[in-house]
Amino acid sequence: MRRSTRTRFVLAALTAVAALTVGACSSSNASEASDSAGNSQADVTLRIGDQVKSTQSLLEAAGALDGLDYKIEWSTFEAGPPLLEALGANKIDAGGTGDVPPVFAQANGNSGRIVAVQARTGANDFLLVPSNSSASSIADLKGKKIAVTQGSSSHGLVLGLLEQAKLPVSDFQFQFLGPADALSAFNAGQVDAWAVWNPYSTIGKNTAGAKIIADGSEVTTGQSYFSAASDALADPAKSAALADFFGRLTRAQAWADDHPEAWVPIFAKLTKLPEDVAAASFDTSKGSYVPIDDQRIAKQQKLIDLFAAAGLLKQAPVAGDWFDDRFNQQIQAGAK
């Protein structure tokens, strides 16, 4: 298959992924039951923000929504920043993102709190160069154009690599592009490198012959987050429902990690991506939910400091002020 044909195919798949995220909303019905305090939860509705329906599909595939004693209203977003914007406006109660979107949300005064941490087992952000490039490290890209999505986890990767190499941001030309536009620019030779996460990095390798010269295994947090709105945390009924939800989410993630042969085909069908691409994406994004502790908070503080040093934040948040560990018990229990 010629490269242009492959590129059109993948861009069509990416468009299909984006289409899943426009205005989607659905509900899971509650059964009549009671919470741990003996109070009916049938009138409680959790509004959960999702990206590409990944959380909803994961829970459904794992059977983790069976016997739900409250309702879930799902809203799907194209990326982490708009999800957190909705959370800050109290339009949703909780939602999952990568590690970088909360940095900007917090710096801009978003009142939500990080309440669950997923610790990934492998790198999920990569620095790609064309197959004929002589670059073998970020230092070799000095003065060159690097495509990256602004405020994304891969933006954090680039800043981390620059810090590690002791190189200033000013030595490089950043092209802030979304993944689909970055793929087109990369294929056309308009940029010299591309920092991106999976599944896009695998797509870059498959369709453009890209090669990886660095990843985030030693320079990023390796963490993803679920944040909750302050109003939801202050509501006893919703807080109780969230406690149950995170126990279910932890069990579902553990199921997926143990049963990739069952989960990957579902994810591939959902995203309309080739199954090998979906498998590669899952392989680099899997990882257990873990209790919030000082180590997890310190990783996020280091990330905040990177963006602050680059002059990209209005103010530098103190990471510890933005974590709430009230659901640690349910997450620990769900991981067993």
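Per an unreviewed UniProt entry, the protein chain goes by ABC transporter substrate-binding protein and derives from Rhodococcus parequi. Regarding the protein chain, the UniProt comment filed under Sequence similarities (unreviewed entry) reads as follows: "Belongs to the bacterial solute-binding protein SsuA/TauA family."

Asks: Could you give an account of the packing of helix H7 (residues 200–208) against helix H11 (residues 275–285), with specific residues and numbers?
Replies: Put simply, H7 and H11 touch, their axes get as near as 8 Å, and they point 140° apart. Considering their axes alone, H7 and H11 lie oblique with respect to each other. Between H7 and H11 lies a crossing whose hand is right-handed. The residues of H11 that touch H7, namely those facing Thr-202, Ile-203 and Asn-206, are Asp-276, Val-277 and Ala-280. Across the contact of H7 with H11, the residue classes break down as three nonpolar, two polar and one charged.

Asks: Hey, could you go over the sheet that holds strand E6 (residues 125–129) for me, with residue numbers and the actual values?
Replies: Strands belonging to one sheet form pairs held by backbone hydrogen bonds; the direction of such a pair is parallel or antiparallel. Within the open sheet, the five strands sit side by side as E8-E7-E9-E6-E10. Their pairing is mixed. Each edge of the sheet is formed by a strand with only one pairing partner; in this case those strands are strand E8 (173–176) and strand E10 (211–215). Strand-to-strand twist of the sheet, defined as the mean angle between neighbouring strand axes without regard to direction, takes the value 30°. Summarising the sheet, strand E7 (residues 145–148) and E8 pair through four bridges and their orientation is parallel. The residue of E8 that forms the bridge with Lys-145 is Gln-173. Along the sheet, helix H5 (residues 153–165) makes contact with E6, E7, E8, strand E9 (193–197) and E10, crossing E6 at roughly 75°. Packing against the sheet, H7 makes contact with E6, E9 and E10, and its axis sits at approximately 135° to E9.

Asks: Could you give an account of the pattern of salt bridges, naming the residues involved and the relevant values?
Replies: Within the structure shown, the criterion is met by six salt bridges. With a shortest N-O distance of 3.0 Å, Asp-93 and Lys-238 are connected by a salt bridge. Taken together, the positions of Asp-93 in the loop between helix H3 (80–88) and strand E4 (94–97) and Lys-238 in helix H9 (residues 236–258) put the pair 145 residues apart, joining distant regions of the chain. Residue Asp-93 shares its accessibility class with Lys-238, and that shared class is buried. Between Asp-324 and Arg-326 there is a salt bridge; the shortest N-O distance is 3.0 Å. The class of Arg-326 is partly exposed, set by a relative accessible area of 38%. One continuous salt-bridge network, built from bridges that share partners, spans Arg-47, Asp-93 and Lys-238.

Asks: Can you break down the confidence of the model for the protein chain residue by residue, with the values?
Replies: Mean pLDDT over the protein chain: 86, with 88% of residues reaching 70 or higher. A low-confidence stretch, residues 15–24 stays under pLDDT 50, and its non-local contacts, those more than four residues away or across chains, total 16 contacts.

Asks: I'd love a proper account of the nonpolar core, names of residues and values included.
Replies: One finds Phe-226, Leu-242, Phe-245 and Phe-246 to be the most contacted residues of the largest nonpolar core, which totals 44 residues. With nine residues, the top contributor of residues to this core is H9. Those residues within four positions of Phe-245 in sequence are excluded, and the remaining contacts are Leu-46, Ile-48, Thr-55, Leu-59, Tyr-70, Ile-72, Trp-74 and Phe-226.

Asks: Give me the lowdown on unusual backbone geometry, citing residues and values where you can.
Replies: Along the chain, Asn-198 connects to Pro-199 via a cis peptide bond; the corresponding omega equals 15°. In this fold, Pro-199 is placed in the loop between E9 and H7. A positive phi angle, near 65°, is found at Asn-90, a position not held by glycine. Tracing the chain through its elements places Asn-90 in the loop between H3 and E4. The class of Asn-90 is partly exposed, set by a relative accessible area of 30%. Here the phi dihedral of Lys-166 falls at roughly 60°; this positive angle occurs in a residue that is not glycine.

Asks: An account of the pairing of E4 is requested, with residue identities and associated values reported.
Replies: Of the two faces of E4, the one carrying Ala-94 and Gly-96 and the one carrying Gly-95 and Thr-97 are both buried. When strand E2 (residues 45–51) meets E4, the two strands line up parallel, connected through two bridges. Each residue of the ladder has a partner; that of Gly-49, found in E4, is Gly-95. Direction of pairing for E4 relative to strand E11 (residues 223–228): antiparallel, over a ladder of four bridges. What sits directly across from Ala-94, in E11, is Ala-228.

Asks: If you had to explain H3 to someone new, which residues and values would you point to?
Replies: The complete set of buried residues in H3 reads Gly-80, Leu-83, Leu-84, Ala-86 and Leu-87. Down the axis of H3, the sector holding all buried residues measures 155°, keeping them to one side. Turning to H3, the residues buried within the fold contact E2, strand E3 (71–77), E4, helix H4 (101–107) and E11. Directly beyond the C-terminal end of H3, a positive phi value near 65° is found at Asn-90.

Asks: Now, about the packing of helix H2 (residues 54–61) against helix H10 (residues 260–271): what can you tell me, with residues and values included?
Replies: Geometry of a packed helix pair, given as the angle between the helix axes and the separation of the axes. The N-to-C vectors of H2 and H10 enclose an angle of 145°; their axes lie 11 Å apart at closest approach. In this structure, H2 meets H10 at a crossing whose hand is right-handed. On H10, the residues that touch Ser-54, Ser-57, Leu-58 and Ala-61 of H2 are Trp-263, Ile-266 and Leu-270. Here the contact of H2 with H10 is built from residues that sort into five nonpolar, two polar and no charged.

Cut-off values and rules
In this convention, every chain numbers its residues from 1, walking through the sequence in written order. For a predicted model such as this one, the threshold for reporting local features is a pLDDT of at least 70, and the threshold for listing and counting side-chain atom pairs is 80 or more; totals across whole chains, interfaces and linings nevertheless cover every residue. Side-chain numbers come from the whole structure's heavy atoms, not from hydrogens or water. UniProt positions are given in the numbering used here, feature names are shortened, and annotations may be inferred rather than shown by experiment. Working convention: axes come from line fits to C-alpha atoms, limited for helices to the stretch in contact. Angles between N-to-C directions cover 0 to 180 degrees. Strands are runs of DSSP state E lasting at least 2 residues, helices are runs of H or I lasting at least 4, and numbering of each runs from the N terminus. Each angle gets one of four labels, with under 35 degrees taken as roughly parallel, over 145 as roughly antiparallel, 65 to 115 as roughly perpendicular, and the rest as oblique. Here is the rule for handedness: rotate from the far helix to the near one, and if that takes an anticlockwise turn smaller than a right angle the crossing is left-handed, while a clockwise turn gives right-handed. Working rule for contacts: check all heavy atoms of both residues, and any pair within 4.5 Å makes them a contact. Basically, the charged four are Asp, Glu, Lys and Arg, the nonpolar ten are Ala, Val, Leu, Ile, Met, Phe, Trp, Tyr, Cys and Pro, and anything else, Gly included, counts as polar. Strand pairing requires that DSSP identify at least two bridges connecting the strands. Think of a salt bridge as a Lys or Arg side-chain nitrogen and an Asp or Glu carboxyl oxygen that are within 4 Å of each other. A 1.4 Å probe rolled over the protein chains alone gives each residue an accessible area, and that area as a share of the maximum for its type sets the label: buried under 20%, exposed over 50%, partly exposed in between. Here pLDDT means the predictor's own confidence in every residue, given as a number from 0 to 100. Remark: nonpolar core denotes a set of buried residues (Ala, Val, Leu, Ile, Met, Phe, Trp, Tyr, Cys) joined through side-chain atoms within 4.5 Å. The directions considered for the arc are those from the helix axis to the C-beta atoms.

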